[in-house]
Amino acid sequence: MTDVLPSPAASFKEKRYRFATEVVTVDNPDDPHHAASVPIYQSATFKQAGAGGGGEYDYSRSGNPTRTHLENHLAKIMGAKRAFAVTSGMTALDVIARLVQAGDEIVAGNDLYGGTNRLLTFLAKSQNIKTHHVDTTKAESVLPYLSEKTKLVLLETPTNPLIRIADIPTISQYVHDKCPRALVVVDNTMMSPYLQRPLELGADISYHSATKYLAGHHDLMAGVLGTRDEAVAEQLYYVINATGCGLGPFDSWLLLRGVKTLAVRMDKQQHNAVRINSFLESYGFKVHYPGSTNHPQYELHKKMATGPGAVLSFETGDIALSERIVEAAKLWSISVSFGCVNSLISMPCRMSHASIPAHVRAEREFPEDLIRLCVGIEDVEDLLDDLKTALEQAGALPSTP
């Protein structure tokens, strides 16, 4: 990733730095002690100068200096006008969903994270907000469902867990031309701003489960959302302030610390993932990974992102075999989520996507035998050795003499 971004330093406004420099450079000019690290303002309330209040901060639900520094930094690396930090990725989506009113409609993909599907189902039952699930790998598939009722078009790209790609610029153009009041929303968790910035591709809102790549260590829960539109930003902030879901100061500090190493972590994870994809393909497994030239949307992904990321999935053709592989792995921890420095393995239909009813998974062609690999920063030779041993022990490969 070598894209050049604006500098955060006021005295060097004309200077632009590449992402890996920008992401570790946190502007903190207002600290009276010139701390090298942004301080943790672990305070619920702030003293005011007079009876009328009016200070920049009064109550941490509405704003906190540590969170402000984090949000300013996130806006910079996301290419957003404003960014907000909340308590989880699903909280971020919930905040966005509150822009939708009863009777409005959402257009979304048919390969979605299980938690996203759960929230959309809840909105349909509780608020009469209908979601049309379409194949977003075909940009034109959204067109029949765009109408004056459409409020959100929700995209994941790559999708989780089948790693399908949506054409953000084309879909955004379709939506903005046909439904000017509708917002294009992209879950960019799997790519992170290092590899893909949806707001620069035409989306109106981009959000992340910051628990994953942005934080990078699975030691906090957080969500991030950003927009390029000031009016939309005000609506999002109103919801966050009203519901009290803004990220606390200590978690804000943890996230700010974690995001600084995003580029170096992702470079290593992605390098490992490319090797693992090649290994699995060499044994004939059907692998879903945008870094593979066998991926049907390889070229499209390359146009939008600067790398394939570090999440891939593969099929074995047999559910029991997949279970044995997952349980035989040692270095690969059996766990939901991704984006951690440690490598994870799971069967989405048994874990992260189990909340989607089996008949719906079948309708959307989710392979029940699918194994998802979330690649960490370990030595890739150790990861390959462990994966090969697990495949052999499970009976997916002949044992090495």
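Conventions adopted
Residues numbered from 1 in each chain as written. Predicted model: local features only at pLDDT ≥ 70, side-chain atom pairs only at ≥ 80, totals over all residues. Heavy atoms only, no water. Helix = DSSP H or I, 4+ residues; strand = E, 2+ residues; numbered from the N terminus. Expected span 1.5 Å × (residues − 1). Buried < 20%, exposed > 50% of the residue type's maximum accessible area, 1.4 Å probe, protein only. Axes fitted to C-alpha atoms, helices over the stretch in contact; angles between N-to-C directions. Parallel < 35°, antiparallel > 145°, perpendicular 65-115°, else oblique. Left-handed = near helix turned anticlockwise from the far one by under 90°. Contact = heavy atoms within 4.5 Å. Nonpolar A, V, L, I, M, F, W, Y, C, P; charged D, E, K, R; others polar. Core = buried A, V, L, I, M, F, W, Y, C linked by side-chain atoms within 4.5 Å. Pairing = 2+ DSSP bridges.

A. Summary view of helix α9 (residues 262-282). The terminal C-alpha atoms of α9 lie 30 Å apart, and with 21 residues this matches the ideal 30 Å at 1.5 Å per residue to within 8%. Within the span of α9, buried status applies to Leu262, Ala263, Arg265, Met266, Gln269, Gln270, Asn272, Ala273, Ile276, Asn277, Phe279 and Leu280. At the C-terminal side of α9, Gly284 shows a positive phi close to 85°.

B. Spotlight on the packing of helix α11 (residues 319-328) against helix α13 (residues 380-394). Between α11 and α13, whose axes approach to 8 Å, the crossing angle comes to 135°. With respect to each other, α11 and α13 are oriented oblique. Note on packing geometry: the crossing formed by α11 with α13 is right-handed. Each of Leu321, Arg324, Ile325 and Ala328 in α11 lies in contact with α13, whose residues at this interface are Ala390, Leu391, Gln393 and Ala394. Per-class residue counts for the contact of α11 with α13 are 6 nonpolar, 1 polar and 1 charged.

C. Layout of the nonpolar core. If you look at the biggest cluster of nonpolar residues, it comprises 67 residues, and the most contacted ones within it are Leu255, Ile276, Leu280, Trp332 and Leu373. Ignoring anything within four residues of it in the chain, the contact list for Ile276 reads Leu312, Trp332, Leu373, Val375, Leu383, Leu384 and Leu387.

D. Inspection of the pairing of strand β11 (residues 311-315) at higher detail. Counted residue by residue, β11 has 5 buried out of 5 residues, so it is predominantly covered. Side chains of β11 alternate between two faces, with Val311, Ser313 and Glu315 and Leu312 and Phe314 buried alike. When strand β10 (residues 286-288) meets β11, the two strands line up antiparallel, connected through 3 bridges. Looking at the pairing, Val287 lines up with Phe314 of β11. Alignment of β11 against strand β14 (residues 371-374), held across 4 bridges, turns out to be antiparallel. Of the residues in β14, the one forming a bridge with Val311 is Cys374.

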